[in-house]
Amino acid sequence: MPRKTSKSTSQSSIDVLLREERIFRPNAAFRRQASVKDASIYGKAARDPEAFWASCARDLVWLRPWKKVLVWRPPHARWFVGGKLNASVNCLDRHLGTAVRNKAAILWEGEPGEERTLTYAQLFRETCRFANVLKDLGVRKGDRVTLYMPLVPELAIAMLACARIGAAHSVVFGGFSAESLKERINDAKATVLVTADGGFRRGVEVPLKKFADEALRGTPSIRHVVVVRRGNFPVQMTEGRDRFWHDLMRDRSAECPPEPMDSEDMLYILYTSGTTGKPKGIVHATGGYMVGVHTTTRLVFDLKPEDVYWCTADIGWVTGHSYVVYGPLSNGATVLMYEGAPDWPDRGRFWQICDKYRVTIFYTAPTAIRSFMRWGIEWPEKHDLTSLRLLGTVGEPINPEAWVWYRNFVGGGRCPIVDTWWQTETGMIMITPLPGITATKPGSATHPFPGVSAEVLDEKGRVVKDGGGYLAITRPWPAMLQTIYGDPERYATQYWSKWDAKTYFPGDGARRDRQGYFWLLGRVDDVLNVAGHRIGTMEVESALVDHPSVAEAAVVGKAHDLKGQALAAFVTLKEGIVTNGDLVDELKSHVVRKIGALARPDDIVFTAELPKTRSGKIMRRLLKDIAEGRALGDTTTLADPAVIQALKQRYQED
Ligand code: PRX
């Protein structure tokens, strides 16, 4: 059970107050069949990381072998220098001469219920045809192509087609606004935009082409627009610029020789938000990235030929790039893609899909798991989930109660859980259990992947052995970002300057416990200083969610005369729970019980929804504006702007 302690070790620069001591070991049946059974992989990789990554790289198809595994001139690393390869060859061609040829590569289900299956041979042909389309539209090696699409197979095809001819794709998540799309197209100076007439979200049309048209008013670099017909939604086509995908694909050759790419040639750009307003175009190169995602997919998910693998992320995020497209396809996996919302037409949709396709590996986000918890166990219980054998989470710290719920009610108590820490910038999973050998603790991402070096450091760069501090990556890793597109200085200052140019700073707080487990505490800007104690907001949230009435909680700091900062908590309750004044006091006492008096929230406000970005991250910055009585900052990335207005009013009333 979690235990509270009031003091952290003297070394720590962040006090860590919530202790979770439950341990779950993989069961014997899982261990016996696991790809990694032997913990010596860690020592071997640590003794000679370059040799380790080279052995992983030999599992890919190279058109020319590399001369040097790593050239490291901090903060710039070059991986597999002199090697040539093509990412689409590694995802497609390599399987064609094997039994994988006619295996399902993609099992796709649309939100309204349509089904499509593409075998590896079919995916190869479609990719080559679209690569020829792009070539005819004038796209050449090194050009940028923006993809703004719903989660349909054409999105994966377009990515692989770009990779085939050496163009960099820049996928912009279909939930972004016209303004965000415009900004990203202009930053990348993309020449072609691929979009769709629309997409479905909870039964409602998302008019992507309409948003694209708005963006296209201010994007001088775009010469051609390709439109996928997804839903027969009405669209306006601009003569000379816009063409339909199906028209362009007609009679196209299904042969397209792959462009031999230098290992360090750009594979893609993906925009991610930072602490400043302007999104950063994270650049991933080809060779190291492919080695990183190929290896981690195989070992972290214990991937086997017969698996049905479902990562619920949209391809618009890095999780979709690495663990829907490049990692699983390079391993010849069967990848399930579901276009829509988890609660459409009812809250059992994900479980119905797991049941129908006999999904074996399921990878999702803690925010989704907390929704499932809130909706109740009757939904997973309605469906047969016995095909599942491994569960994963990614995107934010998972509170132990959600972890245990996931294990019990989705995993039937038998599936190992891999809590995977990584980022858009790292490209690949960095801190994670290896499911056949790691004893997991709920809420801990456990250990760095073999060949990855991570530490918890204090402000001055001293190693914290047992306690809190900042996460640091202390050695280059193959899928690391190459730069920020068009802004190499920001690359150096943002990531490689907190301590020295050899040490990567991801921006996350972390704790190491006595057994060397890593506990990620969220972004350091989410770490508060209350009466001289630095407290991860996540810890307080975990404590709140631990209360039987609470579904989800977000905690922010607000300025306080005496304590420096005080805590304000925004709480959503489980269905059927009635709010009253007693509950506020009860929750405060609960936090005090779990963590200590210093973590007692000053304010607790109940809300039906928390303000979230379209990727599901709680926008604490806006909650802080409310808690401190300020005018609201930028709300353009909110999934539902109405939530925040209602909350602001409520806070003032309370
Ligand atoms: O704060 C960490 C959190 O998500 C951040 C990276 O976000 P993004 O680039 O959008 O990529 C998300 C998908 C890889 C990290 O800096 N994060 C991600 N995974 C975890 C996590 N925090 C705790 N535990 C995780 N497993």
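See the structure shown above.
In this text, all values refer to a predicted model and were calculated from it rather than measured experimentally.

A.B. asks: Is there a simple way to explain the overall build of the protein in this structure?
C.D. replies: The number of helices and strands found in the protein is 20 helices and 32 strands. Here the protein has a C-alpha radius of gyration of 24 Å; the compact-globule value for 654 residues is 26 Å, and the two agree. With the principal axes as the frame, the protein shows a C-alpha extent of 70 × 55 × 50 Å. Every one of the 654 residues in the protein was classed for burial, and the buried ones make up 62%. Look at the contacts in the protein between residues 6 or more apart in sequence, and 70% of them connect residues 24 or more apart. Counting every atom, the protein has about 24,200 Å² of accessible surface; 50% of that belongs to carbon and sulfur. Taken together, the 87 basic and 76 acidic charged side chains of the protein have centroids lying 5 Å from each other.

A.B. asks: Can you walk me through the side chain of Lys-441 in this structure?
C.D. replies: Checked against the element boundaries, Lys-441 lands in the loop between β22 (417-420) and β23 (454-457). For Lys-441, the side chain forms a polar contact with the side chain of Gln-515, separated by 2.6 Å. Not counting residues up to four positions away in its chain, the partners in contact with Lys-441 are Arg-22, Ile-23, Asp-513, Gln-515, Tyr-517 and Trp-519.

A.B. asks: Would you mind going over the site of the ligand with me for this structure?
C.D. replies: In the vicinity of the ligand there are 16 residues, among which Asp-419, Thr-420, Thr-424, Asp-508 and Arg-523 approach most closely. Taking Thr-420, its main chain carries an N or O atom lying 2.8 Å from a nitrogen atom of the ligand. At a separation of 2.6 Å, an oxygen atom of the ligand approaches a polar side-chain atom of Thr-424. Considering the ligand on its own, with 540 Å² of exposed area, one finds that the protein chains cover 90% of that surface. Elements with a minimum of two residues in the shell around the ligand: α11 (318-330), β22 and β27 (518-523).

A.B. asks: Looking at this model, I keep getting lost on the sheet that holds strand β10 (residues 192-196). Mind explaining?
C.D. replies: The pairing of strands in a sheet happens through backbone hydrogen bonds and is either parallel or antiparallel. The mixed open sheet is built from eight strands, whose spatial order is β14-β13-β10-β8-β9-β16-β17-β25. Sheet topology places β14 (242-244) and β25 (483-484) at the edges, where each strand pairs with a single neighbour.

A.B. asks: Could you clarify how one ought to interpret the sheet that holds strand β24 (residues 467-473) in this entry?
C.D. replies: The strand order across the open sheet built from four strands is β23-β24-β26-β27, with neighbouring strands paired in antiparallel fashion. Strands at the two margins of the open sheet, each flanked by one partner only, are β23 and β27. Within this sheet the neighbouring strands show an average axis-to-axis angle of 40°, counted without direction. In this sheet, β24 lies alongside β23 in antiparallel orientation, the contact comprising four bridges. Paired with Leu-457 across the two strands is Tyr-470, which belongs to β24.

A.B. asks: So what exactly am I meant to see when it comes to the pattern of salt bridges here?
C.D. replies: In a structure, side chains of opposite charge can pair up when their charged atoms sit close to one another. Counted under the stated rule, the structure contains 40 salt bridges. Members of the salt-bridge network, linked through shared partners, are Glu-109, Glu-115, Arg-349 and Lys-356.

A.B. asks: Could you clarify how one ought to interpret the environment of Asp-343 in this entry?
C.D. replies: Secondary-structure assignment places Asp-343 in the loop between β19 (334-338) and α12 (349-357). On a C-alpha basis, the gap between Asp-343 and Arg-202 in space is 7.6 Å, while along the polypeptide they are 141 residues apart. For Asp-343, the residues in contact, after removing those within four places along its chain, are Arg-202 and Trp-375. A distance of 2.8 Å separates a polar atom in the side chain of Asp-343 from a polar atom in the side chain of Arg-202.

A.B. asks: Mind showing me how you'd approach the packing of helix α4 (residues 87-96) against α11 here?
C.D. replies: A pair of packed helices can be characterised by two numbers: the angle between their axes and the separation between those axes. Interhelical geometry of α4 versus α11 gives an angle of 45° and a closest axis separation of 8 Å. For the element pair α4 / α11, the angle class is oblique. In terms of crossing hand, the pair formed by α4 and α11 is left-handed. Residues Ala-87, Asn-90, Cys-91, Arg-94 and His-95 of α4 lie in contact with α11, whose contacting residues are Tyr-326, Leu-329 and Ser-330. Tallied by class, residues from the contact of α4 with α11 come to four nonpolar, three polar and one charged.

A.B. asks: How do you make sense of the side chain of Gln-423 when you look at a structure like this?
C.D. replies: Note on placement: Gln-423 falls in the loop between β22 and β23. In terms of polar contacts, Gln-423 uses its side chain to reach the side chain of Tyr-504, at 2.7 Å. Polar contacts involving the side chain of Gln-423 include one to the main-chain carbonyl oxygen of Pro-506, which spans 2.9 Å. In this structure, Gln-423 is in contact with Val-318, Tyr-504, Pro-506 and Arg-523, ignoring residues within four places of it in sequence.

A.B. asks: So what exactly am I meant to see when it comes to the packing of aromatic side chains here?
C.D. replies: Each aromatic ring pair is specified by the distance between its two centres and by the angle formed by the two planes. In total, this model carries 40 aromatic pairs according to the counting rule given. Arranged with centres 6.4 Å apart and planes meeting at 10°, the rings of Tyr-268 and Tyr-326 form a pair that is stacked. You can see Tyr-268 sitting in strand β16 (residues 266-272) and its partner Tyr-326 sitting in helix α11, a full 58 residues away along the chain. One aromatic cluster is present, built from ring pairs that chain together Trp-310, Tyr-338, Phe-350, Trp-351, Phe-362, Phe-372, Trp-375 and Tyr-406. A cation over an aromatic ring shows up here: Arg-116 above the ring of Trp-108, its NZ or CZ 5.8 Å from the ring centre. Sitting over the ring of Phe-505, Lys-498 keeps its end group 5.1 Å from the ring centre.

Each value, and the rule that gives it
Residues numbered from 1 in each chain as written. Predicted model: local features only at pLDDT ≥ 70, side-chain atom pairs only at ≥ 80, totals over all residues. Heavy atoms only, no water. Helix = DSSP H or I, 4+ residues; strand = E, 2+ residues; numbered from the N terminus. Rg over C-alpha atoms; globule rule 2.2 N^0.38 Å. Buried < 20%, exposed > 50% of the residue type's maximum accessible area, 1.4 Å probe, protein only. Contact = heavy atoms within 4.5 Å. Areas by Shrake-Rupley, 256 points an atom, 1.4 Å probe, with all protein chains shown as cover. Lys, Arg positive; Asp, Glu negative; His and termini not counted. Charge placed at Lys NZ, Arg CZ, Asp CG, Glu CD. Polar contact = N/O pair within 3.5 Å; in protein donor to acceptor, adjacent residues only side chain to side chain. Near = heavy atom within 4 Å. Pairing = 2+ DSSP bridges. Axes fitted to C-alpha atoms, helices over the stretch in contact; angles between N-to-C directions. Salt bridge = Lys/Arg side-chain N within 4 Å of Asp/Glu carboxyl O. Parallel < 35°, antiparallel > 145°, perpendicular 65-115°, else oblique. Left-handed = near helix turned anticlockwise from the far one by under 90°. Nonpolar A, V, L, I, M, F, W, Y, C, P; charged D, E, K, R; others polar. Phe/Tyr/Trp six-rings, centres within 6.5 Å; stacked < 30°, edge-to-face > 60°. Lys NZ or Arg CZ within 6 Å of the ring centre and 35° of its normal.

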